[in-house]
2 protein chains.
Amino acid sequence: MNDSELISVLSRRGIRPTQQRIAVYKYLLTHPEHPSADTIYRALVEEYPVFSRTTIYNSLGALIEAGLVRQVNICADEQRFDATVTDHGHFFCKECGKVYDFGFDSPAMVSRLCPRGFIKEQGDVFFTGICKHCYSF
Amino acid sequence: MNDSELISVLSRRGIRPTQQRIAVYKYLLTHPEHPSADTIYRALVEEYPVFSRTTIYNSLGALIEAGLVRQVNICADEQRFDATVTDHGHFFCKECGKVYDFGFDSPAMVSRLCPRGFIKEQGDVFFTGICKHCYSF
DNA sequence: GCATTTGTTTGTATTCATTACAACTTTGCT
DNA sequence: AGCAAAGTTGTAATGAATACAAACAAATGC
C-alpha cells in the first residue's frame, strides 16, 4: 500500500491522515510481529527525529477508534498492537517472547463458542506456550 | 473447601501452605469475578491488618506457578486473576464492565485451533461485546 | 489573503500497577 | 534448641501509559 492509498484509507475512516498516523499505520502493516508502543517509537524516531512518544499513543488510539488497528492483550507488562483486524488467533511464546498469528480452519467455529444471547463484537483466541522454533532445543 | 482441604491442595502442588497464600487462594475461589491484585489486597487487609501488597503478588505468583490460578489478560491497565483453571472462555461486556465465564460445548475444539508444532500450555477464548443483560435495553 | 477556530503534535510531569530489594520472621529439619 | 531455607513486609524503584499546556498545522469563515 503506497502513501496515497494509506491517506484515502484513513480519510474514509474519518480520521485526518497526518504524517504521524500514516507512519504508525505503515509501520504496523509492515511489521506484523505485534510491536509494542515503545518498539514503534524507537523505530520511527530513527526515521523522523522529531516524533513524540505521546503521538504514538495518540495515533494508535485514533487508528483503533477507526477500526484499523487492534490492541492485543497478550503480555501482562505491555500492550501490543496489530494491523490485522480480521479474526485470527495469537500464540505467545514464553521462551522467545514472540507473538505468532494463526488463522482458523473454520472461522465460524470460533463464533460458535460465544454464549447465546451475548453480542460478540470482537473475538480472540490466545494460546501461551512454547513455539515450534524454541521447542526444537 | 475448608482450610484443611486448602492446605492439602497447596501442599500437593508443592508450595508451602502459608496463611497468606491460603487467604489469597480462598478469596479467588469465593470471588469468581476475576479480581485484580489491588482488589484482593483491599479485601484481605480488612481481615488481616498486616498484609503486604508484595505478598499478594508473591502469593499469586506461587499459586500460578503451582497451576492453581490463572492470569487473565482482560483489561489493558491491570491484571485479573482467576481460580478456575479448566479451559473456559471470557466475555467482557463493554457496557457494564463485567467479565462472564463460559464453558465450551466441546473443549477439544479449542485445542484443535492451536497451530501444529506449537506446544500449548494455556488457551483462552476472549470475546468483547454486549452481554445478554445489557442488550435487553 | 487574513483571522479564527478546531484538531494535532510535542515534551514534560504525573500516575499507578508491578517489581526489586533488604531486613525481618517463620517454618522445616536434624 | 539451633540452623538454614523459604516466606513476608515495607519501602524504593521501574516503566508503561496518561494528563496537560504550549506550540503548531490545517480547515473554515469573512
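Residues numbered from 1 in each chain as written. Chains lettered and ligands numbered in written order. Predicted model: local features only at pLDDT ≥ 70, side-chain atom pairs only at ≥ 80, totals over all residues. Heavy atoms only, no water.

## Quick notes on helix α1 (residues 3-12) of chain A
All names here are of chain A. By the burial criterion, the buried members of α1 are Leu6, Val9 and Leu10. Along the axis of α1, the buried residues cluster in a sector spanning 95°; they form a single face. Exposed residues on α1 whose side chains face more than 90 degrees from its buried face are Ser4 and Arg12. Tucked inside the fold, the buried residues of α1 contact α2 (19-30) and α4 (53-65). Looking one or two places after α1, you find glycine 14, whose phi comes out positive at around 85°. (Buried < 20%, exposed > 50% of the residue type's maximum accessible area, 1.4 Å probe, protein only. Helix = DSSP H or I, 4+ residues; strand = E, 2+ residues; numbered from the N terminus. Arc of directions from axis to C-beta. Contact = heavy atoms within 4.5 Å.)

## With respect to the interface of chain B and chain A
Contact with chain B, which involves 34 residues of that partner, is made by 34 residues of chain A. A buried area of about 3000 Å², summed over both sides, lies between chain B and chain A, and 67% of it is on carbon and sulfur atoms. Three residues stand out in chain B for area buried against chain A, namely Leu113, Phe118 and Phe127 of chain B, and they jointly supply 22% of the buried area on that side. Remark: the boundary between chain B and chain A carries zero salt bridges. Where chain B touches chain A, the interface holds 10 residue pairs in polar contact (both at pLDDT 80 or more). Among the elements of the structure, β4 (99-102), α5 (107-113), β5 (119-130) and α6 (132-135) of chain B are those that each provide at least two residues to the side of chain B that touches chain A. Class assignment of the residues belonging to the side of chain B that touches chain A gives a composition of 20 nonpolar, eight polar and six charged. (Buried area = accessible area lost by both parts, 1.4 Å probe. Salt bridge = Lys/Arg side-chain N within 4 Å of Asp/Glu carboxyl O. Polar contact = N/O pair within 3.5 Å; in protein donor to acceptor, adjacent residues only side chain to side chain. Nonpolar A, V, L, I, M, F, W, Y, C, P; charged D, E, K, R; others polar.)

## A word on the pattern of salt bridges
Residue and element names in this part refer to chain A. Applying the stated criterion across every chain, the model contains 11 salt bridges over all chains. Note that arginine 80 and glutamate 78 form a salt bridge whose closest N and O atoms lie 3.6 Å from each other. Sharing partners across several salt bridges, the network here consists of Arg70, Asp87, Lys120 and Asp124.

## With respect to the protein's contact with DNA strand C
Around DNA strand C sit 17 residues in total, of which Thr18, Val50 and Thr55 of chain A together with Tyr57 and Gln79 of chain B are the nearest. The share of sugar and phosphate among atoms of DNA strand C within 4 Å of the protein is 74%. A distance of 3.2 Å is found between a base oxygen of DNA strand C and a side-chain nitrogen or oxygen belonging to threonine 54 of chain A. Of all the secondary structure elements, the ones that give two or more residues to the surface near DNA strand C are α2 and α4 of chain A together with α4 (53-65) of chain B. Ranked by residue count, the leading element in the surface near DNA strand C is α4 of chain A, at three residues. Per-class residue counts for the surface near DNA strand C are four nonpolar, eight polar and five charged. (Near = heavy atom within 4 Å.)

## With respect to the relation of the copies chain B and chain A
Of the two same-sequence chains, chain B is brought onto chain A (RMSD 0.7 Å, axial shift 0.2 Å) by a rotation of 179°. The transformation relating the two chain copies, once decomposed into turn and shift, fits a two-fold axis. The rotation axis passes nearest to the C-alpha of valine 125 of chain B in chain B, at a distance of 2.4 Å. A shared binding surface is used by both copies, with 100% of the interface residues of chain B retained as interface residues in chain A. (Least-squares fit on C-alpha atoms with pLDDT ≥ 70 in both.)

## Section: the packing of helix α1 (residues 3-12) of chain B against helix α2 (residues 19-30) of chain B
Residue and element names in this part refer to chain B. One can describe the packing of α1 onto α2 by two numbers: an axis separation of 11 Å at closest approach and a directional angle of 105°. What the angle tells us is that α1 and α2 run roughly perpendicular. Contacts between α1 and α2 involve Asp3, Leu6, Ile7, Val9 and Leu10 on the former and, on the latter, Arg21, Ile22, Tyr25, Lys26 and Leu29. (Axes fitted to C-alpha atoms, helices over the stretch in contact; angles between N-to-C directions. Parallel < 35°, antiparallel > 145°, perpendicular 65-115°, else oblique.)

## Observations regarding the protein's contact with DNA strand D
Near DNA strand D you find 17 residues, and of these Tyr57 and Gln79 of chain A together with Thr18, Arg21 and Thr55 of chain B are the closest. Considering the 4 Å shell around the protein, atoms of DNA strand D inside it are sugar or phosphate in 73% of instances. Taking threonine 18 of chain B, its side chain carries an N or O atom lying 2.5 Å from a phosphate oxygen of DNA strand D. Within the backbone of valine 50 of chain B, an N or O atom sits 3.0 Å from a phosphate oxygen of DNA strand D. Secondary-structure elements contributing two or more residues to the surface near DNA strand D are α4 of chain A together with α2 and α4 of chain B. With three residues, the top contributor of residues to the surface near DNA strand D is α4 of chain B.

## Focus: the domain arrangement of chain A
All names here are of chain A. According to the domain assignment, chain A contains domain 1 (3-82) and domain 2 (89-135). A straight line from the C-alpha centre of domain 1 to that of domain 2 covers 22 Å. At the interface, 10 residues of domain 1 touch 11 residues of domain 2. Regarding the contact of domain 1 and domain 2, the summed buried area is about 780 Å², with carbon and sulfur atoms giving 56% of it. When the area that domain 1 buries against domain 2 is broken down by residue, the three leading residues are His34, Arg70 and Ile74, summing to 60%. Here domain 1 and domain 2 share one salt bridge between them. Residue arginine 70 is joined to aspartate 124 by a salt bridge in which the shortest nitrogen-to-oxygen separation is 2.6 Å. For the pair domain 1 and domain 2, the interface holds six residue pairs in polar contact (both at pLDDT 80 or more). Looking at the side of domain 1 that touches domain 2, the elements with two or more residues in it are β1 (70-72) and β2 (80-82). Looking at the side of domain 1 that touches domain 2 residue by residue, the classes come out as four nonpolar, three polar and three charged. (Domains from an automatic or database assignment.)

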